[in-house]
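Overview (structure and organization)
Letter by letter, the chains look like this.
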Amino acid sequence: MLRAAIGGVVRCSSAGSGGPIISRFAVSTAAVASAPLALACSAAGVSSRAVHCETTPFKPILYMKPGCPFCSNFAVWLASAGLNDTFEWQFDTSENRALIAGKCANGKVTFPTIQYEQGKFMNETFDLMRHVTKEHGVDNSKLVVWRYMTQPSNEGSGGASLMERYWLLLGFAKEHHNGSLDKVKAAVFGGDRIIPALVPPDIDEW
């Protein structure tokens, strides 16, 4: 039997072939998992003479919500640990919310969430950090950038970290807009922005 994730890569070796035949496929996981070997390779557009098939391993999926402070905290932590490419990044969409609903231990749809194995999900930022730390042997004492972004410091002029200031300012912004995050978002994306550019406009040309 062939087990695969949606949109994976099938490598099949046919009788008398000089090497593996590689074909991309986009068939349902359930259909592939229950199909005979030859039928599964046929669905992938590969000769039915194939005698051996294998698929690329499942890559964990990270579901994020842009602008979310919990997601931002986790994103900086991942990048500081050098693990941001460990996940396939996806975002807060109605389809992903439907996929995640009821799958985490707490039953909630929150972000960040990871699908760490096919069909297995978990959320809660600190739980995710703990899980990834154990999986990848992260030394959290060496994550200098993450600590700079999240923890207060007495060095130099000292003061609260950027993430701490974000939480404080977000509270003021919500009060100003009667507790509406949608109105806060609209104000940030609205006409008279007073936020300076954070990404050089020609960075892709460097």
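Nothing here was measured: the structure is a model prediction, and the numbers come from that model. (Residues numbered from 1 in each chain as written. Predicted model: local features only at pLDDT ≥ 70, side-chain atom pairs only at ≥ 80, totals over all residues. Heavy atoms only, no water.)

Observations regarding the pattern of salt bridges
- By the definition in use, this model includes five salt bridges.
- Asp-127 serves as the salt-bridge partner of Arg-130, at 3.0 Å between the closest nitrogen and oxygen. Separated by three residues within a single helix, Arg-130 and Asp-127 lie in helix α5 (residues 125–136), roughly one turn from each other.
- Overall, the relative accessible area of 44% leaves Arg-130 in the partly exposed class.
- Judged by relative accessible area, Asp-127 falls into the partly exposed class, the value being 34%.
- Asp-139 is the salt-bridge partner of Lys-142, the closest N and O atoms lying 3.9 Å from each other.
- By relative accessible area, Asp-139 is classed as partly exposed at 35%.
- Counted as one network, the salt bridges with shared partners bring together Lys-65, Asp-92 and Arg-97. (Salt bridge = Lys/Arg side-chain N within 4 Å of Asp/Glu carboxyl O. Helix = DSSP H or I, 4+ residues; strand = E, 2+ residues; numbered from the N terminus. Buried < 20%, exposed > 50% of the residue type's maximum accessible area, 1.4 Å probe, protein only.)

As for the side chain of Gln-115
- You can see Gln-115 is positioned in strand β6 (residues 113–117).
- What Gln-115 contacts, discounting residues up to four positions off in sequence, is Phe-58, Pro-60, Ile-61, Tyr-63, Leu-99, Lys-120 and Phe-121. (Contact = heavy atoms within 4.5 Å.)

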